[in-house]
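Examination of the molecular architecture
What follows is the residue order along each chain.
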Amino acid sequence: MYLSLIPTVLLLTVNSHAALSGENTTSKLFSIGGTEPLMLDTYMDTTNEEQTFTLYVNNLVHNFTLTADSAKDDVVSVIDAGWVTPCKEVTSELPSSNQSVLYSGTTLSTVGKLDMGYNATHTKCFQVHFNITSHYLGYAIIDFQAVYHVMNEGQLTAGSESIGSVVIRSIRQRRPIDLAFNVMVYVLVGFATLGMGCDIDIQVIKQHLKKPLAPVIGLISQYTFMPLISFAVIHILGYKGGFALGLFAMGCSPGGGSSNMFSKLFNGDMSLSVTMTTLSTLLSVAMLPFWLYTLGRALPSDGSLEKIEIPFLSILQTLAALMAPLLIGALIKYKLPRVAKIFRRGLKVFFVIVMVFFLSIGIYSNLYIFRAFNAKLLFTTALLPFGGFLFGGLTALIARLEWKLVKTIMLETGLQNFGVCIMVVKTALGQPEQDLATIAPVAANIMSSFPVLFTCIIYLIWEKCSNRRAKKAEVDSPDSTNDDSDEDKLTSHSEDHELSNMAENEDSPNENRKFLV
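First, a word on what this report is: a plain description of the structure on this page.

Counting 54 residues, the largest nonpolar core has Tyr-136, Phe-248 and Ile-439 as its most contacted members. With residues near it in sequence (within four places) discarded, Tyr-136 still touches Met-44, Asp-74, Val-75, Ser-170, Tyr-368, Ile-369, Arg-371, Ala-372, Leu-436 and Ile-439. Counting 29 residues, the second largest nonpolar core, distinct from the first, contains Ile-32, Val-57, Val-75 and Ile-132.

In structure tokens, the structure reads:
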């Protein structure tokens, strides 16, 4: 929506020789001060906030009117009001080399006449004021267009010119509860990794590595298919900026601890599950930065920036630091097995406390994430885990692995460690990229965990009913009844035989004594 700023009429005293000779008529008449693109900050959910930038205007301009248009009204919208005032400070900063001196302190009278005279090669400075309302996180580009009149050979000539763009960065205002949430994420990931280290069994890992078909299929599915499918989804559905980076980082993350729990509930191979989780966590130090450095650099930006800046060194340091509790947990298990056992028991209580925290304070401090939820977002984030389930399961079936291993590979591929992903983006990125990048991992975790949990409940109910029917069929079977009666007869016969032997022993105590001697 285009909206007009209050027209500013400038009646200038122009050097006749310069005006008639047409000096600087081919140069840019308007220039926004500062770096290009000029970026201004605002907080999310701020209404009617005034923003200001400096505008340099060539002295040939007789009068001008500005219009503004926001390219992203869902992030920032421009309110239908604005005004222009002269600069109040003297500065020597000029937009081009052939404009010599900038005069400031100029005042406009009621008739718009300047008190000071200017040469046509001079440039005037103005402050452009406009109001905005911030609706959500992200970047919005506001384009400014000038409609003006210039003096040309004693006559006013109309023209228009794009004076440039201003980028508005909408971020979240930090609160103490946000700091508490971030600390809890780090603590959760650290303790979960420490608990994983306490569960590592080197002998089990060696056994799987001797026949590495199942672990290799799982790791290839996790670190080849998942990054590629996430990259494809981003480009096909047109996601950009921080959200695209978060979704891609989720696709490159290692297997999550929830996969071990679900593998046990679905009667999968627990030793393979723990092996794959351990190996994928160790490999994440290399694989996650590798994919971010290669395909991550080709992620589309949101249009306000030339490209997404990915801090590879910071990400690598975060992942390397994550390996410390894993190694410490493994050391505790082999040096202090009793301590490791106690820690694993306490870890269950800790996870309950953390889950209560996430379901209360965690949701409250991140309500902005749920504001971004829509049908397209939920569909997109569901494609990632369920695509992993499908690819991992089909690959394992093609390799003719047993069903227990197939289920484990499916779960290890599709259920990824969203905690590691969130910790990486929150540690490495700035605002608002880190908040935007958090949306995709949270949504993907919801769209994977809840359907899998619901399916697990149905599976457990079905399994329990099947076991009951099997037991009932076994009891009602005539063969089972005959077997039971034969067993009772054998038991009764053996008891009678035992009593008879005891009686014979009592009748011949001397023989017993002789036998004992």
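There's plenty left to go through after this.
Quick look at the packing of helix α6 (residues 258–265) against helix α7 (residues 270–294) now. Two elements in contact, α6 and α7, have axes separated by 9 Å at closest approach and are oriented at 170 degrees. The angle between the axes of α6 and α7 places the two elements in the roughly antiparallel class. Together, Ser-259, Asn-260, Ser-263 and Lys-264 of α6 and Met-270, Ser-273, Val-274 and Thr-277 of α7 make up the contact between the two elements. Taken together, the residues of the contact of α6 with α7 sort by class into two nonpolar, five polar and one charged.

So, on to the packing of aromatic side chains. Per the counting criterion, the structure on display carries 14 aromatic pairs. Ring geometry for Phe-30 versus Tyr-148: centroids 5.7 Å apart, planes at 50 degrees, classification tilted. Residue Phe-30 is found in strand β3 (residues 30–32), and its partner Tyr-148 is found in strand β10 (residues 138–152); the two are separated by 118 residues along the sequence. Both residues of the pair, Phe-30 and Tyr-148, count as buried. Taken together, the ring pairs connect Phe-30, Phe-64, Phe-126 and Tyr-148 into an aromatic cluster. Directly above the aromatic system of Tyr-293 lies the positively charged group of Arg-297, at a separation of 4.5 Å from the ring centroid. Between Lys-376 and the ring centre of Tyr-239, over which it is positioned, the NZ or CZ distance is 4.8 Å.

Below, the discussion takes up the environment of Thr-455. Inspection of the secondary structure assignment puts Thr-455 in helix α14 (residues 433–476). For Thr-455, a relative accessible area of 42% translates into the label partly exposed. Along the primary structure Thr-455 and Phe-266 are separated by 189 residues, whereas in three dimensions their C-alpha atoms are 9.6 Å apart.

The rules behind each value
Residues numbered from 1 in each chain as written. Predicted model: local features only at pLDDT ≥ 70, side-chain atom pairs only at ≥ 80, totals over all residues. Heavy atoms only, no water. Core = buried A, V, L, I, M, F, W, Y, C linked by side-chain atoms within 4.5 Å. Buried < 20%, exposed > 50% of the residue type's maximum accessible area, 1.4 Å probe, protein only. Contact = heavy atoms within 4.5 Å. Axes fitted to C-alpha atoms, helices over the stretch in contact; angles between N-to-C directions. Helix = DSSP H or I, 4+ residues; strand = E, 2+ residues; numbered from the N terminus. Parallel < 35°, antiparallel > 145°, perpendicular 65-115°, else oblique. Nonpolar A, V, L, I, M, F, W, Y, C, P; charged D, E, K, R; others polar. Phe/Tyr/Trp six-rings, centres within 6.5 Å; stacked < 30°, edge-to-face > 60°. Lys NZ or Arg CZ within 6 Å of the ring centre and 35° of its normal.

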